[in-house]
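Per-entry structural report
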Amino acid sequence: MERVNSMESGPSSVHTNDPAQMAGRTSTSSDRDSFSLRPTFMQKFKPPVATKFISQILQTHLQHKVYHAEESQKLSKLIAEEIKTKLIELGLDRYKYVVNVVLGENLGEGARMDARCYWDQESDGSAQAFFSNDSLWCAAVAFAVFYY
């Protein structure tokens, strides 16, 4: 807090640039020192952990499925929601997630999926998994972006 003597406001007026004090709260030094621009190792997104549960989710939902175009949108949304829920359960509070699930019929032709991101390689990351059987294929990608 910065004390400034001002002739207009009287000799003991207080001016501050501290948002906590402007909101009527008192801030402590721990409030100011706890903000970090980088996650600690324990708070960092770990792609191998996410890849493992994404693979398990795909296996659980798709192992015995036959492709039906009418069901594919509902099924891909269900898988994406479950992946998002598992990501949130990791407890990495300052991360935002984007989950993309692509489901297609396995007719033997090739497909290519690519992504480009402009992000901080030290704190952001992605995890992906692929599943296929005789009837369908599925690619799931999760992007984790650290929120500053």
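Structure first, text after, so check above.
The rules behind each value
- Residues numbered from 1 in each chain as written.
- Predicted model: local features only at pLDDT ≥ 70, side-chain atom pairs only at ≥ 80, totals over all residues.
- Heavy atoms only, no water.
- Core = buried A, V, L, I, M, F, W, Y, C linked by side-chain atoms within 4.5 Å.
- Buried < 20%, exposed > 50% of the residue type's maximum accessible area, 1.4 Å probe, protein only.
- Helix = DSSP H or I, 4+ residues; strand = E, 2+ residues; numbered from the N terminus.
- Contact = heavy atoms within 4.5 Å.
- Patch = residues over 30% accessible without salt bridge, like charges linked within 9 Å, V, L, I, M, F, W, Y side chains within 5 Å.
- Areas by Shrake-Rupley, 256 points an atom, 1.4 Å probe, with all protein chains shown as cover.
- Salt bridge = Lys/Arg side-chain N within 4 Å of Asp/Glu carboxyl O.
- Expected span 1.5 Å × (residues − 1).
- Arc of directions from axis to C-beta.
- Polar contact = N/O pair within 3.5 Å; in protein donor to acceptor, adjacent residues only side chain to side chain.
- Phe/Tyr/Trp six-rings, centres within 6.5 Å; stacked < 30°, edge-to-face > 60°.

Here the focus is the nonpolar core. Phe45, Ile54, Leu58, Leu62, Ile79, Ile83 and Leu87 are the most contacted members of the largest nonpolar core, which has 27 residues in total. For this core, the secondary structure elements donating two or more residues are α3 (47-62), α4 (69-89), β3 (95-105), β4 (125-132) and β5 (136-146). For Ile83, the residues in contact, after removing those within four places along its chain, are Phe53, Ile54, Ile57, Val99, Val101, Ala140 and Ala142.

Quick look at a nonpolar patch on the surface now. On the surface, a nonpolar cluster with roughly 340 Å² of combined accessible area is contributed by Phe35, Leu37 and Tyr148. Assignment of secondary structure puts Phe35 in the loop between α2 (29-33) and α3.

Quick look at α3 now. Owing to its 3.6 residues per turn, the α-helix aligns residues three or four sequence positions apart on the same side. With 16 residues, α3 extends 22 Å between its outermost C-alpha atoms, agreeing within 8% with the 22 Å of an ideal straight helix rising 1.5 Å per residue. Listed as buried for α3 are Ala50, Phe53, Ile54, Ile57, Leu58, His61 and Leu62. The buried residues of α3 occupy an angular sector of 145° when the element is viewed end-on, so they sit on one face. Relative to its buried face, α3 has exposed residues pointing more than 90 degrees away, namely Pro48, Lys52 and Thr60. The inward-facing, buried residues of α3 abut α4, β3, β4 and β5.

Looking now at the side chain of Ser123. With respect to the helices, strands and loops of the structure, Ser123 is situated in the loop between β3 and β4. Take Ser123: its relative accessible area is 1%, and that puts it in the buried class. A polar contact is formed between the side chain of Ser123 and the side chain of Tyr148, at a distance of 3.4 Å. In this view, Ser123 contacts Pro39, Lys44, Tyr95, Phe146 and Tyr148; residues no more than four positions away in its chain are not counted.

We now examine the packing of aromatic side chains. Following the criterion strictly, the structure yields six aromatic pairs and no others. A ring pair is formed by Tyr95 and Phe146, whose centres lie 5.3 Å apart and whose planes are at 70°; its orientation type is edge-to-face. Here Tyr95, found in strand β3, pairs with Phe146, found in strand β5; they are 51 residues apart in sequence, far enough to count as distant. Since its relative accessible area comes to 5%, Phe146 is described here as buried.

Inspection of the secondary structure puts Phe45 in the loop between α2 and α3. By relative accessible area, Phe45 is classed as buried at 5%. Sequence-wise, Phe45 and Val145 are 100 residues apart; in three dimensions their C-alpha atoms are separated by 8.7 Å. Ignoring anything within four residues of it in the chain, the contact list for Phe45 reads Ala50, Leu87, Leu92, Tyr95, Tyr97, Gly125, Ser126, Ala127 and Ala144.

With that settled, the discussion passes to the environment of Ala80. Mapped onto the elements of the fold, Ala80 is located in helix α4. Relative accessible area serves as the criterion here: at 17%, Ala80 is assigned to the buried category. Not counting residues within four places of it along the chain, the set of residues in contact with Ala80 comprises Val99 and Val101.

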